[in-house]
Amino acid sequence: QVQLVESGGGLVQPGGSLRLSCSTSGFTFSAYAMSWYRQAPGKERELVATISSAGGIISYAAFVKGRFTISRDNTKVTVYLQMNSLKPEDTAVYYCKAYRDVEYWGQGTQVTVSS
């Protein structure tokens with residue numbers, strides 16, 4: 001059974017940091033590219049960052065470049081999203097996705113940036 005479980009979300013003040021984790025099981029993690037998406041209330045889900053299966057190719061949405069860092073540990077079958085300099089507009093539910101020939105999604109973790 002495929003599982004992706006996000007954690008690490010919460011309430012943080014503007015300028016603060018959070019580290020999201022996505023722990024996985026049930027598929028060959030090292031063969032899949034991984035992405036983080038987010039969805040704010042009333043908005044469509046948007047791509048935040050992507051990392052290739054071996055970690056050598058990384059890309060970011062323009063709105064997070066320089067503030068967020070995606071990484072993965074294939075031995076721990078986990079992908080991470082380090083989020084620094086958080087802004088109120090980063091408030092959203094954050095999801096991880098695994099993809100190769102199929103896609104697998106997690107259930108999401110809420111990130112709220114507010115003073």
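Quick caveat: nothing in here was measured; it's all calculated off a predicted structure. (Residues numbered from 1 in each chain as written. Predicted model: local features only at pLDDT ≥ 70, side-chain atom pairs only at ≥ 80, totals over all residues. Heavy atoms only, no water.)

A.B. asks: Which residues make up the sheet that holds strand 7 (residues 68-73), and what values go with them?
C.D. replies: Reading across the sheet, the four strands line up as 1-3-8-7 and stay open at both edges, with antiparallel pairing between neighbours. Each of the sheet's edge strands pairs with one partner strand only, and the pair in question is strand 1 (3-7) and strand 7. Ignoring strand direction, the axes of neighbouring strands in this sheet form an average angle of 15°. Pairing analysis gives six bridges linking strand 7 to strand 8 (residues 78-83), with the strands arranged antiparallel. Paired with Thr-69 across the strands is Gln-82, a residue of strand 8. (Pairing = 2+ DSSP bridges. Helix = DSSP H or I, 4+ residues; strand = E, 2+ residues; numbered from the N terminus. Axes fitted to C-alpha atoms, helices over the stretch in contact; angles between N-to-C directions.)

A.B. asks: Tell me what's going on with the nonpolar core, and back it up with residues and numbers.
C.D. replies: Within the largest apolar cluster, 28 residues are counted, with the highest numbers of intra-cluster contacts made by Trp-36, Val-79, Leu-81, Met-83 and Tyr-94. With four residues, strand 9 (residues 92-99) is the largest single contributor of residues to this core. With residues near it in sequence (within four places) discarded, Tyr-94 still touches Glu-6, Leu-20, Trp-36, Tyr-37, Arg-38, Val-48, Phe-68, Leu-81, Met-83, Gly-108, Thr-109 and Val-111. (Core = buried A, V, L, I, M, F, W, Y, C linked by side-chain atoms within 4.5 Å. Buried < 20%, exposed > 50% of the residue type's maximum accessible area, 1.4 Å probe, protein only. Contact = heavy atoms within 4.5 Å.)

A.B. asks: Break down the side chain of Arg-67 for me, with residues and values.
C.D. replies: Following the sequence through the fold, Arg-67 ends up in the loop between strand 6 (58-60) and strand 7. Among the polar contacts made by the side chain of Arg-67, one reaches the main-chain carbonyl oxygen of Phe-63 at a distance of 2.9 Å. Separated by 2.7 Å, the side chains of Arg-67 and Asp-90 make a polar contact. Setting aside residues up to four positions removed in sequence, Arg-67 forms contacts with Gln-82, Met-83, Asn-84, Ser-85, Leu-86, Lys-87 and Asp-90. (Polar contact = N/O pair within 3.5 Å; in protein donor to acceptor, adjacent residues only side chain to side chain.)

A.B. asks: Pulling in residues and values, what's your account of the state of the cysteines?
C.D. replies: Taken as a whole and judged by the stated rule, the model has one disulfide. Between the sulfur atoms of Cys-22 and its disulfide partner Cys-96 the distance amounts to 1.9 Å. The S-S bond linking Cys-22 to Cys-96 shows a torsion near 50°; that makes this disulfide right-handed. Of the two residues, Cys-22 is situated in strand 3 (residues 18-25) and Cys-96 in strand 9; the sequence distance between them amounts to 74 residues. A residue is classified by how much of its surface remains accessible, and Cys-22, at 0% relative accessible area, is buried. (Disulfide = S-S within 2.5 Å.)

A.B. asks: Outline the environment of Arg-19, supporting the account with residue identities and numerical values.
C.D. replies: Tracing the sequence through the fold places Arg-19 in strand 3. Arg-19 sits in the partly exposed class, given a relative accessible area of 47%. Residues Arg-19 and Ala-33, 14 residues apart in the sequence, show an inter-C-alpha distance of 19 Å. Those residues in contact with Arg-19, other than ones at most four positions away along the chain, are Ser-7, Gly-8, Tyr-80, Leu-81 and Gln-82.

A.B. asks: Residues and numbers for the environment of Gln-82, please.
C.D. replies: Here Gln-82 shows up in strand 8. Residue Gln-82 is classed as partly exposed on the basis of its relative accessible area of 26%. Along the backbone, Gln-82 and Gly-8 are 74 residues apart, and their C-alpha atoms lie at a distance of 9.9 Å. With residues near it in sequence (within four places) discarded, Gln-82 still touches Ser-17, Leu-18, Arg-19, Arg-67, Phe-68 and Thr-69. Polar side-chain contacts of Gln-82 include one of 2.9 Å to the side chain of Asn-84.

Fair warning: the whole summary comes from geometry, so function is off the table for now.
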